[in-house]
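Close look at the chain arrangement
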Amino acid sequence: MDKVSSSPSIFHDMEIENRGKGNEFFPEDSFKSWGEYGKAFLRTPFRLKERMFTRSKDYMEIVEMKARSNHQMKKTLNWLDLIWFGIGAVIGSGIFVLTGLEAREEAGPAVVLSYVVSGTSALLSVFCYTEFAIEIPVAGGSFAYLRVELGDFVAFIAAGNILLEYVIGSAAVARSWTSYFATLCNHNPENFRIIVLNMNPNYGHLDPIAVVALVVIAILAVFSTKASSMFNKIATIVHLFIIAFIIIVGLINANPENYASFAPFGTRGVFKSSAVLFFAYIGFDAVSTMAEETKNPGRDIPIGLVGSMVIITIIYCLLASTLCLMQNYKTIDINAPFSVAFSSIGWGWAKYIVALGALKGMTTVLLVNVVGASRYLTHIARTHMMPPWFALVHEKTGTPLNATTAMVIATSFVAFFTNLRILSNLLSISTLSIFVLVAIGILVRRYYSSGVTTKRNQVKLIVFVVLIIGSSCGMSVYRAMSDGWIGWAITAPFWFLGTCGVWLFVPMAKKPKVWGVPLVPWLPSLSIAINIFLLGSIDRDSYIRFGIWTGILLIYYILIGLHASYDASKEVESRHCMSQYLDKEIKSVEEEGKN
């Protein structure tokens, strides 16, 4: 008799049974009636305390959560697919639009250094993501990792910002898609937008082409992950050939005099620009959400994630240098900088090749963003923090149809109204915050294990991590307020002491089974410091928008997400008790049979 290899099957069958009995959006006990909801709401303080200190387990994310999607996602991807997805996910509007904007307004030719800073930060985050993706190979990405290491509440706040990251990121790329499509058609981008004169110009330039591009990409994304991978691979290969053309021809026509004033805005401009240009590296985390569809995560994910990020950073630095050598930073066009740069050197016909390359790059970025966003929403819905209807995987395509549709509708709405500058700044805050949490999660994963780590070592870990975060915030604030060195001399040693404290005085509780972040705790601690440092370079209005969004998340969590996830977790606990009871009964019957 097959015993509790049948346990996941038991959970799966009961989930289907429960779904058939009631509302697929809110099937939990707390939402059966207004009376039940009232009782649940009165218990909010108790439930909030319980969920804030509850951490998930690897097994729960890998087995139990996956069973809630009815059908499994198909394992069709290898390391080469992940490298192509990584390159396709990242090289898009960030490099082709924001490079010109930041070079002209914030950094000058030193924008190449901004890419180095952002690339270093991204690479450190890639290492952290890679260890998690191998150990917890599920579609939830950083949401699942944070549920395991930092608990449900932190994971939910991160989840809301992850979804915001994907909505804003895809919206920004879609609007950039319109800009380069207009260039390809020899028109000004505003000719393809509907301008509403009595609206705020930040929101009144309506973009229907961006919406059409998103809908077409979504259709491909829900059809098949493997088909999406093949399309991405072909489009990315073409894209790389066009990038090679831009770099070679651009350097042939380089004018060294354009580098005469290399950093006209000083180091402050370089770091302020790097915070915005971090947008250009966003997308690699979408590759980690494909771990559930990867054939051999332990081998394929490290090669795919780290390999693609190194290639991307080199390409970005070459493209940024080429642009500023071709044209003086003061005259760079902020809408389609590379196309206009070729026109300025007398190669007007080349702007069509550049625009085509940019369009192909943005198309693959949109594709991977749509795929990644839907996987995140799927896993968030598996925990019932979002309605479980979004967790369903289509039987024939093996893709999350409901989640993909929802994310594309939300993204289309934002892309239709909002301009690129607002989107890029807000996106950087959301993404950098999540990367800080993931790096903290690695430290917790390595140095804290329930039942293994003593209370004394737990307290030491908390103190040292708080010291790392606090000193990093101090460096960031000081950099935003002053160009001096005194603040650095005070805060940097505290960061060193915090990291050294973890290294020397807190014993490692857990080691990775297959592949792990090197130089722990130094590398994750450095990732925390750099990401927080970049956060200090983002404008005040973006933080206000970020605060409003976080407030909305908290309201939703208190009213709905908390109670839904609480009920779901209690149901899981009762099922595990049932499976343990069945195990005992089965063993008892087997022993009686032997006697």
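Residues numbered from 1 in each chain as written. Predicted model: local features only at pLDDT ≥ 70, side-chain atom pairs only at ≥ 80, totals over all residues. Heavy atoms only, no water.

**Notes on the overall build of the protein chain**
- When helices and strands are tallied, the protein chain shows 22 helices and two strands.
- Looking at the 595 residues of the protein chain, the share that counts as buried comes to 57%. (Helix = DSSP H or I, 4+ residues; strand = E, 2+ residues; numbered from the N terminus. Buried < 20%, exposed > 50% of the residue type's maximum accessible area, 1.4 Å probe, protein only.)

**Description of the packing of aromatic side chains**
- Across all of its chains, the model carries 25 aromatic pairs by this definition.
- An angle of 5° between the planes, with centres 4.9 Å apart, marks the rings of F132 and Y145 as stacked. Within this pair, whereas F132 is found in helix α7 (residues 111–135), its partner Y145 is found in helix α8 (residues 141–149), the two being separated by 13 residues in sequence.
- Under the relative-accessibility criterion, F132 is labelled buried at 0%.
- Ring centres of F245 and W349 lie 6.3 Å apart, and the angle between their planes is 55°; this geometry places the pair in the tilted category. Pair noted here: F245 is in helix α11 (residues 225–252) and W349 is in the loop between α15 (337–344) and α16 (350–382), with a separation of 104 residues, a long-range link. (Phe/Tyr/Trp six-rings, centres within 6.5 Å; stacked < 30°, edge-to-face > 60°.)

**Some points on a nonpolar patch on the surface**
- Nonpolar side chains collect at one region of the surface, where W485, I486, I490, F494, F496 and L497 lie side by side and expose about 680 Å² of accessible area between them.
- Among the structural elements, L497 can be located in helix α20 (residues 486–505). (Patch = residues over 30% accessible without salt bridge, like charges linked within 9 Å, V, L, I, M, F, W, Y side chains within 5 Å. Areas by Shrake-Rupley, 256 points an atom, 1.4 Å probe, with all protein chains shown as cover. Salt bridge = Lys/Arg side-chain N within 4 Å of Asp/Glu carboxyl O.)

**Some points on the confidence of the model for the protein chain**
- This prediction gives the protein chain a mean pLDDT of 79; 84% of its residues lie at or above 70.
- Across residues 1–22, where pLDDT falls below 50, the model places 31 contacts with residues more than four positions away in sequence or in other chains. (pLDDT = per-residue confidence, 0-100. Contact = heavy atoms within 4.5 Å.)

**Quick notes on the nonpolar core**
- Core analysis: the biggest nonpolar cluster contains 151 residues, and I91, F96, Y115, Y180, F284 and Y316 have the highest contact counts within it.
- Sorting elements by how many residues they give to this core places α16 first, with 17 residues.
- Discounting chain neighbours no more than four positions away, the residues touching F96 are I91, Y180, H239, I243, I246, P337, F338, A358 and M362. (Core = buried A, V, L, I, M, F, W, Y, C linked by side-chain atoms within 4.5 Å.)

**Points about the pattern of salt bridges**
- Under the criterion given, the structure shown has twelve salt bridges.
- Notably, a salt bridge pairs R446 with E131, separated by 3.0 Å at the nearest N-O pair. Highlighted residues: R446 in helix α18 (residues 420–447) and E131 in helix α7, separated in sequence by 315 residues.
- The partner of E149 in a salt bridge is R445, with the nearest N and O atoms 2.6 Å apart. With a gap of 296 residues between them, E149 in helix α8 and R445 in helix α18 connect regions that are remote in the sequence. By the burial criterion, E149 is buried, and R445 matches it.
- If you follow the salt bridges from partner to partner, you end up with E50, R51, R147 and D152 in one network.

**Quick look at helix α9 (residues 152–184)**
- The end-to-end C-alpha distance of α9, which contains 33 residues, comes to 47 Å, matching closely the 48 Å that a straight helix rising 1.5 Å per residue would cover.
- Across the 33 residues that make up α9, a large majority, 30, are buried.
- N186 sits one or two positions beyond α9 and adopts a positive phi of about 65°. (Expected span 1.5 Å × (residues − 1).)

**Focus on the side chain of T411**
- Examined against the element boundaries, T411 turns out to sit in helix α17 (residues 401–417).
- Accessibility expressed as a relative area gives 4% for T411, which makes it buried.
- Once you skip the residues sitting within four places of it in the chain, T411 turns out to touch Y166, V167, S170, A171 and L214.

**So, the environment of R445**
- On the accessibility criterion, R445 (2% relative accessible area) is buried.
- Ignoring anything within four residues of it in the chain, the contact list for R445 reads D58, E131, F132, E135, I136, V148, E149 and K510.
- A distance of 3.3 Å separates the side chain of R445 from the side chain of E135, its partner in a polar contact. (Polar contact = N/O pair within 3.5 Å; in protein donor to acceptor, adjacent residues only side chain to side chain.)

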